Amino acid sequence: MKTLPQKVQQVKKVYARLDAHIESLQEDSGLRCVSGCGQCCKKPDIEASPVEFLPLALDWFDQDVHWDKYEELKNSQDSTCFVFRPHVTSFGGLCNAYPNRGLICRLFGYSARLNKEGKKELVTCKILKDEMPTEIARASSAKKKLPVMVHYHTRMAAIDIQLNDRMPINQAMQKAIETVAAYYAYRKRKKTKKI
């Protein structure tokens, strides 16, 4: 059975692999999000799984703000992503937890779904389609470079199947906080050195 720190490290490993995969796609295609956009983060129905937010919840635990964040999440009437800060830029917003953002936050715009024939189809936003049609075409034709959503969701499920249920993103963060707090209720957390 994996410990919580092991699960967090495995999630981070999946993210590092995905980030490298996306970086390679970006280098080859030139496809990039518009700086400070955040339009995809404004959707009120984004779903995620708690396992995706274990690194964020552990980070909040280490900062001793996890229960404050939990209460804010619990009492919030807003269904948009809790860590998204709208209007930080002139037209969009920014993620307040970018290094620990979820899987969907990393995948959207730079990944593919598999169609009925099992072929990759780029999943991206209207803004990129309108602003970067040449780059979209290059990314779409780079079939080998396109990360496949279902492959990364499967990797997350392998880390902890019980924390892999999809739910509204803020509920996923709450469940991740509950998981971390329960794990350390009777264990001492060894602080890791930040480099």
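Here goes a summary of the coordinates provided. (Residues numbered from 1 in each chain as written. Predicted model: local features only at pLDDT ≥ 70, side-chain atom pairs only at ≥ 80, totals over all residues. Heavy atoms only, no water.)

1. Some words on the packing of helix α1 (residues 4-29) against helix α2 (residues 54-62)
Between α1 and α2, the shortest axis-to-axis distance is 9 Å and the interhelical angle comes to 125°. Here α1 lies oblique to α2, going by the angle between them. Between α1 and α2 lies a crossing of left-handed hand. Between α1, through L4, K7, V8, V11 and K12, and α2, the contact on the second element is made entirely by L54, P55 and L58. For the contact of α1 with α2, a count of residues per class yields 6 nonpolar, no polar and 2 charged. (Axes fitted to C-alpha atoms, helices over the stretch in contact; angles between N-to-C directions. Helix = DSSP H or I, 4+ residues; strand = E, 2+ residues; numbered from the N terminus. Parallel < 35°, antiparallel > 145°, perpendicular 65-115°, else oblique. Left-handed = near helix turned anticlockwise from the far one by under 90°. Contact = heavy atoms within 4.5 Å. Nonpolar A, V, L, I, M, F, W, Y, C, P; charged D, E, K, R; others polar.)

2. Structural notes on the packing of aromatic side chains
Given two aromatic rings, one states the distance between the centres and the angle between the planes to describe the pair. Inspection of every chain in the model, using the stated rule, returns 4 aromatic pairs. Here the aromatic rings of F61 and Y184 are separated by 5.1 Å at their centres, their planes lie at 25°, and the arrangement is stacked. Residue F61 is found in helix α2, and its partner Y184 is found in the segment after α8 (169-183); the two are separated by 123 residues along the sequence. Both rings, one in W67 and one in Y70, keep their centres 5.4 Å apart while their planes meet at 85°; by these two values the pair is edge-to-face. Taken together, the residues W67 and Y70, both in helix α3 (residues 66-75) and 3 residues apart, mark about one turn of the helix. When its relative accessible area of 44% is taken as the criterion, W67 is described as partly exposed. The class for Y70 is buried, based on a relative accessible area of 13%. An aromatic cluster is built from F61, Y183 and Y184, whose rings are joined through pairwise contacts. The ring of Y98 carries the charged tip of R101 above its face, separated from the ring centre by 3.8 Å. Over the aromatic face of Y152 sits the side chain of R155, whose NZ or CZ is 4.6 Å from the ring centroid. (Phe/Tyr/Trp six-rings, centres within 6.5 Å; stacked < 30°, edge-to-face > 60°. Buried < 20%, exposed > 50% of the residue type's maximum accessible area, 1.4 Å probe, protein only. Lys NZ or Arg CZ within 6 Å of the ring centre and 35° of its normal.)

3. Some thoughts on the packing of α3 against α8
α8 packs onto α3 with a crossing angle of 150° between their chain directions and a minimal axis gap of 10 Å. Here α3 lies roughly antiparallel to α8, going by the angle between them. Crossing angle aside, the handedness with which α3 passes α8 is left-handed. Contacts between α3 and α8 pair H66, W67, K69, Y70, L73 and K74 from the former with N170, M173, Q174, I177, E178 and A181 from the latter. Of the residues that constitute the contact of α3 with α8, the class distribution is 6 nonpolar, 3 polar and 3 charged.

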